[in-house]
Amino acid sequence: MKGRREKILEVALQLFNANGIDAVTTRDIAKQAAISQGNLTYHFPAKNDILLALVQESGQAIDNALATAETPASSSLIVIYYHQVQTIFKTQLDYRCLLMKWGEIVSSSSAVQSFAQDFLKKRFDSWHGLNQQLVIQGLAHPSLIEETDAHSYQINILALFWHQEFIMYFPDLSDEQKIKKALTIFFQAYKPYLTEKGWNDLKPHLEI
């Protein structure tokens, strides 16, 4: 059985996704959750506290999804990575309200900003390790390691803001179509660094 805090977050996410973060008040959340305003503010004194909790929850949801995702057997590392990013994008859409307002959310709270910075550092560490393995396995050129910081910033921007772009320019696509196109754009950033083997392994999964 979910506790009151979890119920508040569940309702807040539903309302934020449906109506947009700006349009939803804490009173709306309390009413939908069938609790008093006082009960809500006991757990979350302000709306930003709810947003921080949802940002943290989304990060944990991505970690959980990655831990339980199935990867095709005998896949090369670049294909395994493709399926990992696919899992991340699918999970992100469960928290699409955060994607739509990410820059504003992060800049509105020092606590959210601190969490986002720590999360980015973990991502960079992960990408650095991945890039080294891609090179070791003959799937990428050494230049990927040499330029790993700049490349990591590039793909981080793609990972955070792809949904905003698609809402503006591809509003009629289904979520599945958006993810497929986003993956192709994301992995185009790897193309200059991949060896022939790496690109041939990856290419069948892309919309090109």
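Our subject is the structure that appears above.
Keep in mind it's a predicted model, so treat the numbers as computed, not measured.

Student: Just checking my understanding: could you explain the side chain of Thr26 for this structure?
Tutor: Looking at the element boundaries, Thr26 is found in helix α2 (residues 26-33). Take Thr26: its relative accessible area is 18%, and that puts it in the buried class. The contacts of Thr26, once residues within four sequence positions are left out, are Gln37, Leu40, Lys47 and Ile50.

Student: What is the right way to look at the packing of aromatic side chains in this model?
Tutor: One pair of aromatic rings is described through two measures. These are the centre distance and the angle between the planes. One pass over the structure, following the stated rule, counts 14 aromatic pairs. Arranged with centres 5.4 Å apart and planes meeting at 75°, the rings of Tyr81 and Phe187 form a pair that is edge-to-face. You can see Tyr81 sitting in helix α5 (residues 77-94) and its partner Phe187 sitting in helix α11 (residues 175-188), a full 106 residues away along the chain. The exposure classification of Tyr81 matches that of Phe187, with both residues buried. Ring centres of Trp162 and Phe166 lie 5.8 Å apart, and the angle between their planes is 85°; on these two criteria the pair is classed as edge-to-face.

Student: Before we go on, may I ask you to explain unusual backbone geometry in this structure?
Tutor: Note: most residues except glycine have negative phi, and most peptide bonds are trans. The residue Ala34 is not glycine, and still its phi comes out positive at about 60°. If you trace the backbone, Ala34 turns up in the loop between α2 and α3 (37-43). Residue classification places Ala34 among the exposed positions, given a relative accessible area of 68%.

Student: Teacher, can you tell me more about the environment of Leu120 here?
Tutor: For Leu120, the position within the fold is in helix α8 (residues 110-136). The spacing of Leu120 and Cys97 is 23 residues in sequence and 19 Å in space, taken between C-alpha atoms. Ignoring sequence-local partners within four residues, the contact set of Leu120 consists of Tyr153 and Asn156.

Student: Is there a simple way to think about the nonpolar core in this case?
Tutor: Nonpolar side chains tend to gather and get buried jointly when the protein is soluble and globular. Within the largest apolar cluster, 34 residues are counted, with the highest numbers of intra-cluster contacts made by Tyr81, Phe89, Leu134, Phe186, Phe187 and Tyr190. Secondary-structure elements contributing two or more residues to this core are α5, α8, α10 (148-169), α11 and α12 (196-202). Here the element with the most residues in this core is α5; it accounts for nine residues. With near-sequence residues (within four places) excluded, Tyr190 lies in contact with Tyr81, Trp127, Leu130, Asn131, Leu134, Leu144, His151 and Ile155. Within the second largest apolar cluster, 31 residues are counted, among which are Ala61, Ile105, Val106 and Leu160.

Student: Would you take a moment to explain the pattern of salt bridges for this structure?
Tutor: Any two side chains of opposite charge can pair, on the condition that their charged atoms come close. If you walk through the whole model with that rule in mind, you get six salt bridges. Between Asp22 and Lys101 there is a salt bridge; the shortest N-O distance is 2.8 Å. With Asp22 in the loop between α1 (4-19) and α2 and Lys101 in the loop between α6 (96-100) and α7 (102-107), this pair connects stretches of sequence that are 79 residues apart. Note on Asp22: relative accessible area 56%, which makes it exposed. With a closest N to O distance of 3.3 Å, Asp201 and Lys197 form a salt bridge.

Parameters and conventions
- Residues numbered from 1 in each chain as written.
- Predicted model: local features only at pLDDT ≥ 70, side-chain atom pairs only at ≥ 80, totals over all residues.
- Heavy atoms only, no water.
- Helix = DSSP H or I, 4+ residues; strand = E, 2+ residues; numbered from the N terminus.
- Buried < 20%, exposed > 50% of the residue type's maximum accessible area, 1.4 Å probe, protein only.
- Contact = heavy atoms within 4.5 Å.
- Phe/Tyr/Trp six-rings, centres within 6.5 Å; stacked < 30°, edge-to-face > 60°.
- Core = buried A, V, L, I, M, F, W, Y, C linked by side-chain atoms within 4.5 Å.
- Salt bridge = Lys/Arg side-chain N within 4 Å of Asp/Glu carboxyl O.

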